Amino acid sequence: MNPILIVDDERPIAELIELTLLQAGYRCEIALDGETAADKIETGRYDLILLDIMLPGVSGYELMEYIRPTGTPVIFLTAKGMLADRVRGLRMGADDYIVKPFEPLELLARVESVLRRAGRGGGLLRAFGVVVDPAARRVEKDGAPVALTPREFDLLVLLLRNQGIALYRDVMYERVWGGEEEAGSRTLDLHIQRLRKKLGLADKIKTVYKIGYLLEVET
Amino acid sequence: MKLAAKLTLVILLLLALLLNLGAAWLIGSGFSAQLQAAAQQNVAVHRAECYQLQKAMIETPNLETQPPLVVLYGQQRTAQAGVGLAILSVERAFLYSGTGMENGWQPVLRALDAGEDGMTYAQEGAKVWQLFASPVQWQGRTLWLVSSCDVSSVFQLRNQQLAGFARLELIAFAGVALAVWAVSRRLTRPLKALEESARAIAAGSYDRRTGMTGADEVASLAASFDAMAEAVEQRANQLDLAVHQREDFVSAFTHELKTPMTSMLGYADLMRSAEVKPEVRQRAANYIYHETKRLESLSAKLMTFMALDPEHKTLELRPVALAALAERTARALPAEYPVRLCWEGFEAGRVLGDEDLLTSLLENLINNGMRAEPKDGRISITAHRKNGQVEITVRDRGRGIPQKELERITEPFYMVDKSRARAQNGSGFGLALCARIARLHGTRLEFESQPGEGTTVRFTLKEAGE
């Protein structure tokens with residue numbers, strides 16, 4: 001799998017994207033201006049390019065001219081939420097666009113969907129014999145399909161995308177169910193139990209004291 | 001109805017009225033003169049015939065009682081004189097009738113009624129006669145003589161003239177109609193062009209002009225129209241420009257706002273959702289802190305910028321001593337400033353202005369010069385008095401600004417080199433602010449720059465009286 005190229009002149013944003021993608025298991029490279037990006041595009045091979053439109057020197061639109069011949073999928077990052085700008089970006093051959101400010105998980109979902117559409121391998125999440133296709137919402141354990149409820153599925157994807165990281169339980173609840181968890185509610189714990197049972201991950205999904213849950217990294 | 005048609009119709013009506021009146025008068029007066037002349041001649045002929053009849057009555061004592069003789073006489077005279085005659089007895093009995101009319105007795109009796117000096121007309125088909133009747137007497141004997149003179153030719157002539165005139169009139173009508181139509185078409189063609197232009201402009205092509213030249217009223221209307229279109233176009237362009245500038249501003253502002261927000265949101269989300277490594281946590285917190293600072297400074301600058309909108313604010317200009325201005329500006333800059341400031345001409349003199357704003361203006365310009373990293377490590381600020389004005393110049397020998405960027409540098413958020421400006425803590429707002437301050441002082445910033453050579457900024461202030 002080739003790395004993902006992040007082109008953004010704002011170092012904080014570029015690093016934020018890198019952190020998010022790294023956690024999900026993607027390799028990344030950063031270009032902080034148009035010239036560097038053009039050089040990298042010419043010499044390297046990438047599965048996906050995340051491209052900021054407002055760049056000093058060579059603009060994102062101009063970079064599209066370099067990228068188009070290579071056939072590499074592109075997601076525009078833009079602060080311009082205006083319809084005309086979005087249409088222009090898409091018309092120039094971008095596969096998707098993300099309007100700043102964005103949430104890391106939204107970015108991840110968009111990246112996965114574009115990679116899948118481009119047939120570049122991305123999108124499938126694996127751990128301990130469990131294979132998840134987030135776009136098709138399909139789960140297999142050792143090759144056999146497993147039926148999960150929508151909430152269970154979302155919870156599993158959340159854990160898989162943050163493998164090796166302890167997740168706070170209130171944020172987990174918010175991500176999967178939306179809104180705040182009622183005090184004393186056992187909903188999250190109940191779903192974790194069922195996931196452990198259905199997928200045989202009893203010892204892999206760990207309870208972290210005072211924090212939440214953690215899916216171990218496959219060694 | 002079209003103007004051309006209206007014009008044609010009116011002119012034709014007028015023409016018909018005049019022509020017909022004129023022709024009626026002309027032909028009518030000619031005709032009556034001829035008829036009169038004929039009548040005079042015919043009266044003379046009639047008198048002569050009366051005399052002839054009297055002579056015959058003298059020669060033939062019983063003429064009136066011998067009809068065959070009367071008929072003989074009548075036939076003789078008719079053949080000789082070439083006029084139609086009728087001879088009647090006192091009792092109005094026809095003794096001879098040779099009037100040339102087919103049905104002559106009635107007109108003859110009417111002529112008798114008209115009396116001795118009367119003239120009557122008789123008509124049969126196209127023929128017209130003048131009839132004269134007189135009693136011819138000799139020693140108590142009386143005969144009525146009626147002469148009928150053919151005047152058809154006079155009437156014929158009149159009818160010919162009328163027919164000729166009608167033909168002439170028809171031709172004149174056709175000619176005039178054609179001419180008027182053509183002329184009015186010619187006159188209204190520029191109006192049509194004008195109308196088309198107006199339509200085009202109404203449809204949005206503000207650059208359309210009639211382009212008509214000439215000295216007549218339509219041309220001057222076209223000229224006024226073009227002038228109006230020019231004004232409309234300028235206004236439309238102004239509005240376009242204003243909209244464009246506002247869009248640019250909003251777009252740049254959105255970018256400046258959303259960029260720090262993206263970082264803040266993203267890093268905060270990262271930190272709150274999972275246990276991250278201490279170094280990542282430290283870096284994320286750092287980013288959040290700096291981006292928040294950046295947002296705060298942006299909002300402060302924006303507030304100042306908005307408050308200084310020249311359209312809604314006028315300054316109360318007060319005398320400001322140049323020396324005080326220099327001192328305050330120097331104090332506003334950090335103590336350990338990387339470049340040396342060379343003040344010149346600031347020892348004496350006062351200008352009209354707002355001290356706070358002028359300080360801020362100089363401070364911004366000096367900071368810009370410092371960011372250009374002057375080769376000689378200094379910035380010279382010069383005040384030069386002339387003609388009641390003070391010209392202030394800030395000059396650096398730094399990086400310079402490319403020519404094509406010069407006109408845009410006072411636009412809000414515009415940065416010649418964005419990443420360098422960011423690194424130097426620039427917001428892209430400083431010069432926009434400076435330009436506003438200058439405008440509020442009734443002056444404008446003039447830039448001169450040469451890449452690699454340095455930049456000079458110049459503005460003039462009014463000198464305050466002592």
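Refer to the preceding data block for the structure.
Residues numbered from 1 in each chain as written. Chains lettered and ligands numbered in written order. Predicted model: local features only at pLDDT ≥ 70, side-chain atom pairs only at ≥ 80, totals over all residues.

Hey, could you go over the environment of B:Ser152 for me, with residue numbers and the actual values?
Residues and elements named next belong to chain B. Looking at the element boundaries, Ser152 is found in helix H4 (residues 152-202). A residue is classified by how many C-beta atoms lie within 10 Å of it, and Ser152, with 14 of them, is partly exposed. The spacing of Ser152 and Glu124 is 28 residues in sequence and 10.0 Å in space, taken between C-alpha atoms. (Helix = DSSP H or I, 4+ residues; strand = E, 2+ residues; numbered from the N terminus. Buried ≥ 20, exposed ≤ 12 C-beta atoms within 10 Å, placed from the backbone.)

Outline the sheet that holds strand S7 (residues 130-133) of chain A, supporting the account with residue identities and numerical values.
All names here are of chain A. If you trace the four strands from one edge of the open sheet to the other, you get S6-S7-S8-S9, paired in antiparallel fashion. On the outer flanks of this sheet lie strand S6 (125-127) and strand S9 (144-145), each paired with one strand and no other. Where S6 meets S7, three bridges bridge the pair, whose relative direction is antiparallel. Residue pairing in the sheet places Arg126 in a bridge with Val131 of S7. Lying on the sheet, helix H6 (residues 150-161) is in contact with S6, S7 and strand S8 (138-141); it crosses S6 at an angle near 75 degrees. (Pairing = 2+ DSSP bridges. Contact = placed C-beta atoms within 7 Å. Axes fitted to C-alpha atoms, helices over the stretch in contact; angles between N-to-C directions.)

Before we move on, can you summarise the nonpolar core with the specific residues and values?
By size, the foremost hydrophobic cluster in this structure holds 38 residues, and its most contacted members are A:Val7, A:Leu48, A:Ile49, A:Leu50 and A:Ile75. The element best represented in this core is helix H1 (residues 11-23) of chain A, accounting for five residues. Contact partners of A:Leu50, with chain neighbours within four places excluded, come to A:Ile4, A:Ile6, A:Val7, A:Ile17, A:Ile75 and A:Leu77. In this structure, B:Leu358, B:Leu362, B:Ile379 and B:Ala435 belong to the second largest nonpolar core, which totals 32 residues. (Core = buried A, V, L, I, M, F, W, Y, C linked by C-beta atoms within 7 Å.)

Please set out the sheet that holds strand S2 (residues 28-31) of chain A residue by residue, giving values where relevant.
Residue and element names in this part refer to chain A. Pairing in this open sheet of five strands is parallel, and the strands run S2-S1-S3-S4-S5 from one edge to the other. Both outer strands of the open sheet, S2 and strand S5 (96-99), are each paired with one neighbouring strand and no more. Pairs of neighbouring strands in the sheet enclose a mean axial angle of 20 degrees, with direction left out of account. Where strand S4 (residues 74-78) and S5 come together, four bridges link them in parallel fashion.

I'd like a rundown of helix H8 (residues 187-199) of chain A, residues and numbers included.
All names here are of chain A. With 13 residues, H8 should cover 18 Å at 1.5 Å per step; its first-to-last C-alpha distance of 18 Å lies within 8% of that length. Among all positions in H8, only His191, Ile192, Leu195 and Leu199 are buried. End-on view of H8: buried residues confined to an arc of 105 degrees, all on one side of the axis. Among the exposed residues of H8, those pointing more than 90 degrees away from its buried face are Asp189, Leu190 and Lys197. Those residues of H8 that are buried are in contact with S7, S8, H6, strand S11 (205-208) and strand S12 (212-215). A positive phi of about 65 degrees marks Gly200, the residue just after H8. (Expected span 1.5 Å × (residues − 1). Arc of directions from axis to C-beta.)

Help me get a handle on helix H5 (residues 104-117) of chain A, residues and values and all.
Its 14 residues give H5(A) an end-to-end C-alpha distance of 20 Å, which sits within 8% of 20 Å, the value for a rise of 1.5 Å per residue. Buried within H5(A) are the following residues: A:Pro104, A:Leu107, A:Val111, A:Glu112, A:Val114 and A:Leu115. Along its buried surface, H5(A) packs onto H1, strand S3 (48-52), S4 and S5 of chain A together with helix H5 (217-273) of chain B. Phi turns positive, to about 65 degrees, at A:Gly119, one or two residues after H5(A).

Tell me about the pairing of strand S12 (residues 454-462) of chain B, and please be specific about residues and values.
Residue and element names in this part refer to chain B. Of the strand pairs in this sheet, strand S10 (residues 389-396) and S12 are connected by eight bridges, and their pairing is antiparallel. Among the inter-strand pairings, Gln389 is bridged to a residue of S12, identified as Lys462. Bridging between strand S11 (residues 446-450) and S12 involves five bridges; their strand directions are antiparallel. Opposite Ser449, over in S12, you have Thr455 as the bridge partner.

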